[in-house]
Amino acid sequence: MTMEQKAPPKTRDWATDYDIFEQEYVRHPYPIWDELRENCPVAHTEHWGGSWMPTRYDDLFAIAQDFENFSSREILVAPIQPPPDAEASPFYGVRAPPISSDPPEHTWARKLLLPHFSIKAVSIYEEETRELANSLIDKFIDSGRADAAVDYAQQIPPRVIASMLGVPHEMADTFTGWVRNLLELGLTNPELRGPARMELLSFLNNQIMARREKPTDDLISRLLAAEVNSEPVSHIHLLGTCLLIVIAGIDTTWSSIGSALWHLAQHPDDRRMLIERPEIIQNAVEELLRAYSPVTMARVTNRDVEYGGCPMKENDRVLMNFPAANRDPAKFEEPDRVILDREFNPHIAFGVGIHRCAGSNLARMEMRLSIEEWLKRIPDFRLEDPSAVTWAGGQVRGPRNLPVVFP
Amino acid sequence: MKVKVDQEKCQGHNRCFVVASELFELDDYGYAHEVGDGTVPPGLEEKARLAVANCPERAIYIEED
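Note that the structure is predicted; figures quoted are calculated from it, not measured.

Attention now goes to the overall build of chain B. Helix and strand content of chain B: 2 helices and 4 strands. Traced from its N-terminal end to its C-terminal end, chain B shows the element sequence β-α-β-β-α-β. With respect to the three principal axes, the spread of C-alpha positions in chain B is 30 × 20 × 20 Å. As presented, chain B carries roughly 3,200 Å² of accessible surface, and 49% of it is formed by carbon and sulfur atoms.

Encoded structure:
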């Protein structure tokens, strides 16, 4: 057991006053979820505009399936007040379909995207991802230490996304900065969020315009060529879908790779198991996704609805705590134990229902290859200083600083 | 034994395909369906059960003879 697994002192009534941005929650949410699941399975808070938060697997499953009552038109944990001049913005009305869509738009918007994220479609990027992982390791292996989050996990997803979109890899750090300002630091700070959104949309807008002039074989060009009901897709829709690909494909996967390495740094037996039994890697990826699920999305109620005895009003937010569902002892045996060859594992880290993460195959591929290549080159490593590990939380949880040493 | 995918429920998680590629195939969108009429060849019964157990949508079911 690590230091992270000790129960923290109780500082607030989580059932009626939770704050998912509080450090205690960000660093070590598991005992809080246990308490909520047991005593108040749909918690409530007035923080950040107010929300409800289910923590039991069956409740998350049921709410995710009920898109009639629980809309995806707003998916952020904290409501964002648009600036007063929002309607004057050239990108007014750009959303992030299909993640921000409800049926019927959702149905075709998702179909537009899915073929490009199938197991077969993402396998095209495998070789490049392996090479990328190795080139990153080359840079630090001789020094005997690395920040496994900053120097490795953080570097992989933005480059794979850049390749898919057909933009230069040099854009990777800029992508990362924009996404952090949008979803991590900017979630509670509109001053960071606004400019980041504008810059990212301007960049993507220019990319789309360039592909209209001169199509290539990248994802943007293929989306431009696609038709829905024999019509090309509107520019504003396409821009929103490209925005989604960038914001959903970067800090999520980076968080998962980082959490996996954080776990492996502290569990030599698990490292050994993966090295001796490489064939269990797919089970291991699912188990690490279950135990360290990074993503909490929101829903908004379409009407007054009572769920689990809770009187939800129209336009109330519901935080989809998939990470807590994945540690529900009613669903998983020994949920707090990471069992890399776990066979029964219907986790919902990628959500469940019509909004199942469209990029799940890409995320799994990146996780699998990042872990495999790391362990081939660095089979033995540990945290340099557990207190130096920092976590991002809120909507996407994962390590942001992860100093490790290896012999 | 036969294994079936409920097309209304499948959301394309692809867990069944990864667990038992002998028993399931995927369409261009990643939605799964059973191979042929779903008959599970001898020796693959356990894989069929694992596919059922790991489907997050509870979309896969077994028809015993």
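So, on to the packing of aromatic side chains. All names here are of chain A. According to the stated counting rule, one finds 16 aromatic pairs over all chains in the structure shown. For the ring pair Trp 178 and Phe 203, a centre distance of 5.8 Å and an interplane angle of 50 degrees mean the geometry is tilted. Separated by 25 residues along the polypeptide, Trp 178 in helix α10 (residues 172-184) and Phe 203 in helix α11 (residues 190-213) bring together distant segments of the chain. A relative accessible area of 10% places Trp 178 in the buried class. Relative accessible area serves as the criterion here: at 15%, Phe 203 is assigned to the buried category. In this structure an aromatic cluster arises from ring pairing among Phe 140, Tyr 152, Trp 374, Phe 381 and Phe 406. Over the aromatic face of Trp 391 sits the side chain of Arg 397, whose NZ or CZ is 4.2 Å from the ring centroid.

Of all 11 residues in helix α16 (residues 281-291) of chain A, 9 are buried, a share of seventy percent or more. For α16(A), the set of buried residues is A:Ile281, A:Ala284, A:Val285, A:Glu286, A:Glu287, A:Leu288, A:Leu289, A:Arg290 and A:Ala291. Against the buried residues of α16(A) lie α3 (30-39), α14 (251-266), α15 (268-276) and α18 (360-377) of chain A together with α1 (15-19) of chain B.

This paragraph deals with empty space enclosed by the protein. All names here are of chain A. One pass over the structure, following the stated rule, counts 4 cavities of 30 Å³ or more. There is about 120 Å³ of room inside the largest cavity. What lines the largest cavity is a set of 16 residues, among which Trp 33, Ser 293, Thr 296, Pro 323 and Arg 397 lie closest to the centre. Of all the secondary structure elements, the ones that give two or more residues to the lining of the largest cavity are α2 (23-27) and α3. Split by residue class, the lining of the largest cavity holds 9 nonpolar, 6 polar and 1 charged. Each pocket or cavity is described by its volume, and for the second largest cavity that value is around 90 Å³.

All names here are of chain A. Strand order in the open sheet formed by 3 strands is β4-β14-β11, and the pairing between neighbours is antiparallel. The sheet is open, and its two edges are formed by β4 (145-147) and β11 (382-383), each paired on a single side. In the sheet, β4 pairs with strand β14 (residues 403-405) via 3 bridges, with the strands oriented antiparallel. Its bridge partner being in β14, Arg 145 is matched across the sheet by Val 405.

Right, let's get into the confidence of the model for chain B. Interpretation of this model should avoid reading the predicted coordinates in detail wherever pLDDT is low. Summary statistics for chain B give a mean pLDDT of 97 and a share of 100% for residues scoring 70 or more. Reported for the predicted complex are a pTM of 0.95 and an ipTM of 0.97.

On to the layout of surface pockets, then. Within this model, the second largest pocket holds a volume of roughly 340 Å³. Every residue along the wall of the second largest pocket is listed here: A:Phe67, A:Pro103, A:His106, A:Thr107, A:Arg110, A:Lys111, A:Ile354, B:Gln7, B:Glu8, B:Cys10, B:Gln11 and B:Tyr31. When the residues that make up the lining of the second largest pocket are grouped by side-chain class, the tally is 5 nonpolar, 4 polar and 3 charged.

Listed by partner, the interface residues are 26 residues for chain A and 18 residues for chain B. Taking both partners together, chain A and chain B bury about 1,800 Å²; carbon and sulfur atoms supply 50% of that area. It is A:Ile119, A:Glu343 and A:Arg356 that lose the most area in chain A upon contact with chain B, and together they represent 25% of the buried surface on that side. The interface formed by chain A and chain B contains 2 salt bridges. Taking the shortest distance from any N to any O, the salt bridge between B:Arg58 and A:Asp58 comes out at 3.3 Å. Remark: the boundary between chain A and chain B carries 10 residue pairs in polar contact (both at pLDDT 80 or more). Ranked by residue count, the leading element in the side of chain A that touches chain B is helix α4 (residues 57-65) of chain A, at 4 residues. Grouping the constituent residues of the side of chain A that touches chain B by class yields 10 nonpolar, 8 polar and 8 charged.

Quick look at the pattern of salt bridges now. Residues and elements named next belong to chain A. With the rule as written, the count across this model stands at 26 salt bridges over all chains. The shortest N-O distance in the salt bridge between Arg 368 and Glu 126 comes to 3.1 Å. Highlighted residues: Arg 368 in helix α18 and Glu 126 in helix α7 (residues 126-140), separated in sequence by 242 residues. Judged by relative accessible area, which is 17%, Arg 368 ranks as buried. The partner of Arg 145 in a salt bridge is Glu 384, with the nearest N and O atoms 2.0 Å apart.

Moving on to the environment of A:His235. Tracing the backbone shows A:His235 in helix α13 (residues 235-249). Polar side-chain contacts of A:His235 include one of 2.6 Å to the side chain of A:Asn205.

Turning next to the packing of α13(A) against α14(A). Residues and elements named next belong to chain A. The geometry of α13 relative to α14 is characterised by a closest axis approach of 4 Å and an angle of 15 degrees between their N-to-C directions. Accordingly, the angle class assigned to the pair α13 and α14 is roughly parallel. Together, Ile 247, Ala 248 and Gly 249 of α13 and Asp 251, Thr 252 and Thr 253 of α14 make up the contact between the two elements.

Residues and elements named next belong to chain A. In strand β2 (residues 51-54), alternate side chains face the same way, and those of Ser 51 and Met 53 on one face and Trp 52 and Pro 54 on the other are all buried. Relative to β2, strand β1 (residues 42-45) runs antiparallel, the two being bridged by 4 bridges. Bridged to Ala 43 within β2 is Met 53.

Definitions and cut-offs
- What you see as residue numbers is a count from 1 along each chain, following the sequence as written.
- The order in which chains are written sets their letters, starting at A; the order in which ligands are written sets their numbers, starting at 1.
- It should be noted that, the model being predicted, local features are given only for residues of pLDDT at least 70 and side-chain atom pairs only at 80 or more, the latter also being counted only at that level, while totals for whole chains, interfaces and linings use all residues.
- In computing side-chain properties, one takes all heavy atoms of the structure into account and sets aside hydrogens as well as water.
- A run of H or I in DSSP becomes a helix once it reaches four residues, and a run of E becomes a strand once it reaches two; helices and strands are each numbered from the N terminus.
- Methods summary: accessible areas were calculated by the Shrake-Rupley approach with a probe of 1.4 Å, and residue burial reflects only the protein chains presented.
- Stacked, edge-to-face and tilted labels apply to pairs of Phe, Tyr and Trp rings (six-membered ring for Trp) whose centres lie within 6.5 Å, assigned for plane angles under 30 degrees, over 60, and everything in between, in that order.
- Burial classes: relative accessible area under 20% of the type maximum marks a residue as buried, over 50% as exposed, and values in between as partly exposed (1.4 Å probe, protein chains only).
- Whether a charge lies above a ring is judged from NZ of Lys or CZ of Arg, which has to be within 6 Å of the ring centre and within 35 degrees of the ring normal.
- When checking whether two residues touch, look at their non-hydrogen atoms; a contact exists if any pair is within 4.5 Å.
- For each structure, a 1 Å grid was placed over the protein atoms alone; sets of points admitting a 1.4 Å probe that cannot get out are labelled cavities, open sets with protein on both sides within 12 Å along at least five of seven lines are labelled pockets, and lining residues have an atom within 4 Å of a point.
- Grid points are joined across faces, edges and corners, and a volume is the space filled by probe spheres set on the points.
- Each residue is assigned to one class: nonpolar for Ala, Val, Leu, Ile, Met, Phe, Trp, Tyr, Cys and Pro, charged for Asp, Glu, Lys and Arg, and polar for all the others, Gly among them.
- Here, any two strands with at least 2 DSSP bridges between them count as paired.
- By definition, pLDDT measures how confident the predictor is in each residue, and it falls between 0 and 100.
- Once two parts are brought into contact, the accessible area they lose, counted with a 1.4 Å probe and summed over both, makes up the buried area.
- Only one rule defines a salt bridge in this text: a Lys or Arg side-chain nitrogen within 4 Å of an Asp or Glu carboxyl oxygen.
- In protein, a polar contact requires one atom able to donate a hydrogen and another able to accept it; more generally it is a pair of N or O atoms within 3.5 Å, and residues adjacent in sequence count only if both atoms are side-chain atoms.
- Comment: axis = line fitted to C-alpha atoms, over the contacting stretch for helices; angle = value between 0 and 180 degrees taken between N-to-C directions.
- Just so you know how the angles are binned, under 35 degrees is roughly parallel, over 145 roughly antiparallel, 65 to 115 roughly perpendicular, and the rest oblique.

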